[in-house]
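Below, each chain spelled out in residue letters.
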Amino acid sequence: MTVSRSICLGFIAVILTGTLLLMMPFATINGQWNDPIVALFTSTSAVCVTGHIVVDTATYFSRAGQAIIMLLIQVGGLGYMTATTFLLLLLGRRFGLKDKIAIQEALDRRSLQGSTQILQSIIATTLLFELTGAFTLLWVFVPDVGWPKGLWFAVFHSVSAWNNAGFALFSDNLVGYQSSLLLNLVITGLIIFGGIGYEVIFELYLFSRERITRQKLRTVRSLNFRVAISTTLFLLLSGTFAIWLIEMRNAKTLGDLTFPQQILAAWFQSVTSRTAGFNTIDVGQMSNAGLFITIALMLVGGSPGGTAGGIKTTTVRVLTSCTQAILQGKESVAIYQRHIRVSLILKAVGVTVGSLTTVVVATICISLADPQLDFIRILFEVASAFGTVGLSTGITAGLAPVSKLVLVATMYIGRVGILLLIGALLGDPKPCPVRYPEESLLVG
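Quick caveat, the model's predicted, so the values are computed rather than measured. (Residues numbered from 1 in each chain as written. Predicted model: local features only at pLDDT ≥ 70, side-chain atom pairs only at ≥ 80, totals over all residues. Heavy atoms only, no water.)

Quick question: what am I supposed to make of the environment of F129 here?
Here F129 is to be found in helix α7 (residues 115-145). F129 sits 33 residues away from W162 along the chain, and the two C-alpha atoms are 7.4 Å apart. For F129, the contacting residues outside a window of four places in its chain are S158, W162, L190, F193 and I201. (Helix = DSSP H or I, 4+ residues; strand = E, 2+ residues; numbered from the N terminus. Contact = heavy atoms within 4.5 Å.)

When you look at the nonpolar core in this model, what are you seeing that I'm missing?
It is characteristic of soluble globular proteins that their nonpolar side chains tend to be buried jointly. Ranked by internal contacts, the top residues of the largest apolar core, which has 107 residues, are F141 and I187. Setting aside its immediate chain neighbours within four residues, I187 contacts L137, H157, A161, L174, F268 and F278. Counting nine residues, the second-largest nonpolar core is a separate cluster that includes V227, V333, I335 and A348. (Core = buried A, V, L, I, M, F, W, Y, C linked by side-chain atoms within 4.5 Å. Buried < 20%, exposed > 50% of the residue type's maximum accessible area, 1.4 Å probe, protein only.)

Help me out: how do you make sense of the packing of helix α2 (residues 36-47) against helix α18 (residues 401-416) in this one?
Axes are the key here: two packed helices are described by the angle between their axes and the distance separating the axes. The interhelical angle for the contact between α2 and α18, taken along N-to-C directions, is 20 degrees, at an axis separation of 9 Å. Classified by the angle between their axes, α2 and α18 sit roughly parallel to one another. Of the two elements, α2 crosses α18, and the hand of that crossing is left-handed. Facing α2, whose interface residues are I37, L40, F41, T44, S45 and V47, α18 presents P401, K404, L405, L407, V408, M411, Y412 and R415. Its residues assigned to classes, the contact of α2 with α18 shows ten nonpolar, two polar and two charged. (Axes fitted to C-alpha atoms, helices over the stretch in contact; angles between N-to-C directions. Parallel < 35°, antiparallel > 145°, perpendicular 65-115°, else oblique. Left-handed = near helix turned anticlockwise from the far one by under 90°. Nonpolar A, V, L, I, M, F, W, Y, C, P; charged D, E, K, R; others polar.)

It is not clear to me how the packing of α18 against helix α19 (residues 418-426) should be interpreted in this structure. Could you clarify?
Where α18 meets α19, the axes come as close as 6 Å, and the angle between the chain directions of the two elements is 95 degrees. In terms of orientation, α18 and α19 fall into the roughly perpendicular class. Contacts between α18 and α19 involve Y412, I413 and V416 from the first element and I418, L420 and L421 from the second. When its residues are assigned to classes, the contact of α18 with α19 shows six nonpolar, no polar and no charged.

Just checking my understanding: could you explain a nonpolar patch on the surface for this structure?
A surface patch of nonpolar side chains, amounting to about 420 Å² of accessible area, comprises L419, I422, L425 and L426. Relative to the helices and strands, L419 resides in helix α19. (Patch = residues over 30% accessible without salt bridge, like charges linked within 9 Å, V, L, I, M, F, W, Y side chains within 5 Å. Areas by Shrake-Rupley, 256 points an atom, 1.4 Å probe, with all protein chains shown as cover. Salt bridge = Lys/Arg side-chain N within 4 Å of Asp/Glu carboxyl O.)

Please explain helix α9 (residues 181-195) as it appears in this structure.
Since the α-helix turns once every 3.6 residues, residues separated by three or four places project in the same direction. Taking 1.5 Å per residue as the helical rise, α9 with its 15 residues ought to reach 21 Å, and the 21 Å between its terminal C-alpha atoms agrees with that figure. Residues L183, N184, V186, I187, T188, L190, I191, G194 and G195 constitute the buried set of α9. One or two steps after α9, the chain reaches G197, where phi turns positive at roughly 105 degrees. (Expected span 1.5 Å × (residues − 1).)

Sorry if this is basic, but what is going on with helix α15 (residues 313-327) here?
Given a rise of 1.5 Å per residue, 15 residues ought to cover 21 Å, and the 21 Å separating the end C-alpha atoms of α15 matches this to within 8%. All of the buried residues in α15 are T313, T314, T315, R317, V318, S321, C322 and A325. On its buried face, α15 sits against α12 (223-247), α14 (288-300), β1 (334-335) and α16 (342-369). Backbone geometry just after α15 places G329 at a positive phi near 75 degrees.

And the structure:
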């Protein structure tokens, strides 16, 4: 079995296991058997770290059900291969070549070297950030709900934020903490670091321990690091400004807030649109322009090797650099004075075309199944599902069963990746030994 097929089937196995557990009477507050579609949708949303819900997590699931969701989020955030391989390592199994290849494929790494160390570093980093986030959130939740419940809320929301899941234990998500500076900073911090990629975090750690000159920094830092950091900062700041500018006069979102509260809410929404799914404003009351900006941010997503979804920041940067090269009359693409291989450009184009095709097909299917809904809201739900974001305008619960299954499939494709899924279905690509003659073609 190919590595790509193992990863795809592994995610399906975890989703089905989670579905069975969430169907059990102990998983719901009323103690009755759960609806299979609700269980499947919730399990898929948790494993794919999306946050889309068709029932209220806070009032529908019992503490055991919420714990199952948190466990599924953790496994989904780490990735099936990372979680299972680490578990086998704890049991004393040797780390073979096949395992190294699987980790390389799952994390989109460039080499097999140091796979065991990178796996251990990933687990350690995850625990460090989640425990730090949980400890800090205690200061937010314990004064409101007391120690036992406050501790559970802190742990759950820390895990959910780090894995960019967006599940919350409040019926209004985090709208009630809209003005809490500490919660906003902690949640957005966990989302950003969780979605920026483990390799970037490791390089940031090494950078913090080094005393190096600015010129050496330009040569030492990897291209992936520089592209991920710069593109993420640009999207976060531009997204904050765009959301604030569009929604500042909307009384149902930002209009009734003070200027500092508007900036804080716009910042939170910009960050969470990058595949996290939390919200401190009513997304369903956003203007069409605000929804469209959010759709764009959701489709871009985070960076490779992290817990975020979307087509990824590096993919967008490669495509924009291609456009820049064409406008400047160049025949090659360079980013930060580094030449980009044609194979990498082809991969970026393939990811983008495959992703947009998935979104278009899913949007058409739901539009046919639920013709009474506004197109922009259907597109929003699909983009949120594919980008594994979880933000919703409030129509998810009322969708037809077939539409919910379409979203389940979309969340799954968004999590495993369109190219990995195609590789699993068609087999690993083989190099073509034939080189065809070149000919010009009218484009544009």
